[in-house]
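Next come the chains, spelled out residue by residue.
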Amino acid sequence: MVSLKKKGKMTPIFTTPKISNMDNMVMEKTCTNTCCFFCIMKEPDPSLRRAGIASCFKEMPLIKDDEQHVLVLSGLWNIAMTQPDDPEFPSLGIFDCMSSFVEKGINDRSWLLRDQNIYIPYYAAHVIGSYTMNKVDFAEKAVLAGVIPSLMELLRGKISWVEQRVAVRALGHLASYERTFEAVAAYEEEVVRLGMHLASTCLDEVYVKFVGVKEKSKRSKYHCDLLTRGVGGLEMENRKAEEWASQLQCWSLYLLNCFACKERSLNLICKQEFLTDLSGMWGGLINHSSPAGVGLIRILCYRKYGRKSISESKVVLENLCYLSRSSDDWQYMSIDCLLLLLKDPDTRYKVIEIATMFLIDLVELKSLGDRSCLGETISKALLLDYKQNKFRIKSSQVQKALQETWELKVERRKREKTMSEEKVEERRVLANLIKQQANHMFRLGDVEAAVKSYTEALDACTLKLRKERMVLYSNRAQCYLLLRDPDAAIRDSTRALCLSNPANSHGKSLWRRSQAYDMKGLAKESLMDCIMFINGCINSVTNKRVKIPYYATRMISKQMDATWLFANAQSKVRISHLRKVQESDDYYEMSSNEEQECDEMMRMMMEKKSIASGLSTIIEEPLIVKERNWREMKRARRRNKAVVAQSM
């Protein structure tokens, strides 16, 4: 194995031997240790080499004190990561060896804390997870070797969250195969409960135990070394801890997915408290390849029991609806969930009043990823039995929205189907004239009149004029932003993005919806739209110099802080500390640091209050300004004209 000869990669921490010493260790021909793993790896005869490796795997866990163990496991970790499908080590007893090391670390505390043995259970569980990642044959060998009981001990938190991360990863792989699922299901209730608990609490745990510890000397040294491989300071450690915490949460959800797919333990997974937590779990930018909470929710929506439980949670439904009108990669999953709920007669009228007000903005969506005619599918789900059962809908607002959808997708389509090309062109010219009038009103600052004119132009446009309608919706969204109506701005910018080709690609609509989401305090949705907007700016520039608008970078910076993986955990810790200070006898004799913390908490609370009231901290210059002198008014109007000329 060439990778074992690259000694620099084998060094797990700073305190292991230097590279020059490791060269001597590996290359020394007269090694006195007959079971030296590195010497066995140099054996040229394949049969002797395989026999030596098998013997080494059997004897290593039995040797009580050997500083070389951590170095060997670090090397095995590297091999398993880079060559997970290589059958050599799995066929020679590596799973028995790794399982024995994990058990030894759990049962023999004195051994675990000696030398560098604290690293061994982590490496051992990681090796098991890597080799069982792709091959069911390897997974079967691992189960026969008895790895599940030792992995369960790590999952129970017998050592730390770092070992829980690799244990849940390995168990998730074993549970994903039909041939090994039942071996994991032998611990079904405990596995599911632990998976739910980990998914809900791991971010708080990692923050309190590691990220929230600001002094490096107070952090667990072996956690620091495993996270950064001995390279980097606090910033690098925090970044890696955020990545690992997100993985711990997403891998816990993956393990639960394995049971939910088989309709196992749904009574546990579908508890309302967990579903509420689940709907807020987001892989984020640091773990963008995982659908996180919405992935498991979609699995549950394929089951009748799951649909019933989800339809009873207003928080879950609202989070699904917000995601359905975002530019997140997992937008289609939330749409799938809502469609499944609408098509089930038992849940349709529990969710229709919430879902309708979001899905009506998506009825003109042509395709999303590999899903074609998605808008038609949404329309059919919304209008299913509309004429016969519309009396069952109590909200007049929802009735009006469905009536508008019927008019748009049924009645208007029928009328325009027989319309001649000359008539379509005539309507296009008329709509363009009305649009010019609306633009003129907007420049004069008469925003409300501009809204009415944009609406008239939209009524004049035929459904075929998708590009023209996209611009009209986007311009009207800008008006609603200036009128401080974020809900209307989101509706119109979403409709514009559905009409764009490809979907969610119109830059101005993305930026306007990002601002509207910011006004409502929906940081995640605002962030994703802003990122898509910046990507569009970068891709549209032909030269090498890319200039990102300053206002977009400000928005990104603001929303990155708000959507930080540990933002909620940090708030909980601060609030808990503030309560302790208030409850103490020395409450009126706080130190200066405590006073600063209280001031900071008050500032945060005021910021949250401003967000809740719909006021964005990124203020746009208003068109209508009162109590200014005429020179200031003139300068402001000139600036607004320049902005409008660019935005229209």
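Residues numbered from 1 in each chain as written. Predicted model: local features only at pLDDT ≥ 70, side-chain atom pairs only at ≥ 80, totals over all residues. Heavy atoms only, no water.

Our focus in this paragraph is the side chain of E88. Along the polypeptide, E88 turns up in helix α7 (residues 88–91). At 2.6 Å, the side chain of E88 forms a polar contact with the side chain of R49. (Helix = DSSP H or I, 4+ residues; strand = E, 2+ residues; numbered from the N terminus. Polar contact = N/O pair within 3.5 Å; in protein donor to acceptor, adjacent residues only side chain to side chain.)

Going through the model one piece at a time under the given rule, you end up with 39 salt bridges. Of the charged contacts in the structure, one is a salt bridge between E188 and R264, with a shortest N-O distance of 2.9 Å. Pair noted here: E188 is in helix α15 (residues 188–211) and R264 is in the loop between α17 (234–260) and α18 (266–269), with a separation of 76 residues, a long-range link. A residue is classified by how much of its surface remains accessible, and E188, at 16% relative accessible area, is buried. (Salt bridge = Lys/Arg side-chain N within 4 Å of Asp/Glu carboxyl O. Buried < 20%, exposed > 50% of the residue type's maximum accessible area, 1.4 Å probe, protein only.)

A few words on helix α14 (residues 178–185). Those residues of α14 that fall on the buried side of the exposure criterion are T180, F181, V184 and A185. The buried residues of α14 occupy an angular sector of 150° when projected down its axis, which confines them to one face. (Arc of directions from axis to C-beta.)

Helix packing for two helices is described by the angle between their axes and how far apart those axes are. Helix α20 (residues 292–301) packs onto α17 with a crossing angle of 5° between their chain directions and a minimal axis gap of 9 Å. Taken together, α17 and α20 sit at an angle that is classed as roughly parallel. Taken together, the residues of α20 that come into contact with α17 (itself represented by C250, L253, L256, N257 and A260) are A292, G293, G295, L296, I299 and L300. (Axes fitted to C-alpha atoms, helices over the stretch in contact; angles between N-to-C directions. Parallel < 35°, antiparallel > 145°, perpendicular 65-115°, else oblique. Contact = heavy atoms within 4.5 Å.)

Relative to the helices and strands, I118 is located in the loop between α9 (109–112) and α10 (120–131). When its relative accessible area of 16% is taken as the criterion, I118 is described as buried. Spatially, the C-alpha atoms of I118 and Y222 are 7.4 Å apart, while their sequence positions differ by 104 residues. Residues contacting I118, with those up to four places away along its chain left out, are L112, L113, E163 and Y222.

So, about the packing of helix α30 (residues 466–482) against helix α32 (residues 507–519). Where α30 contacts α32, the two axes come as close as 10 Å, and the packing angle between them is 25°. As judged from the angle between their axes, α30 and α32 are roughly parallel. At the point where α30 passes α32, the crossing takes the left-handed sense. Where α30 abuts α32, its residues S474, N475, Q478 and L481 lie against K508, S509, R512, Q515, A516 and M519. (Left-handed = near helix turned anticlockwise from the far one by under 90°.)

This part takes up the confidence of the model for the chain. Across the chain, the average pLDDT comes to 85, with 84% of residues at or above 70. The low-confidence segment residues 1–29 (pLDDT under 50) makes 57 contacts with residues lying over four places distant or belonging to another chain. Confidence over residues 604–634 falls short of pLDDT 50; this stretch has 36 contacts with residues more than four positions distant or in other chains. (pLDDT = per-residue confidence, 0-100.)

A surface patch of nonpolar side chains, amounting to about 200 Å² of accessible area, comprises I538, V546 and I548. Secondary-structure assignment places I538 in helix α33 (residues 523–540). Using a relative accessible area of 34% as the deciding quantity, one classes I538 as partly exposed. (Patch = residues over 30% accessible without salt bridge, like charges linked within 9 Å, V, L, I, M, F, W, Y side chains within 5 Å. Areas by Shrake-Rupley, 256 points an atom, 1.4 Å probe, with all protein chains shown as cover.)

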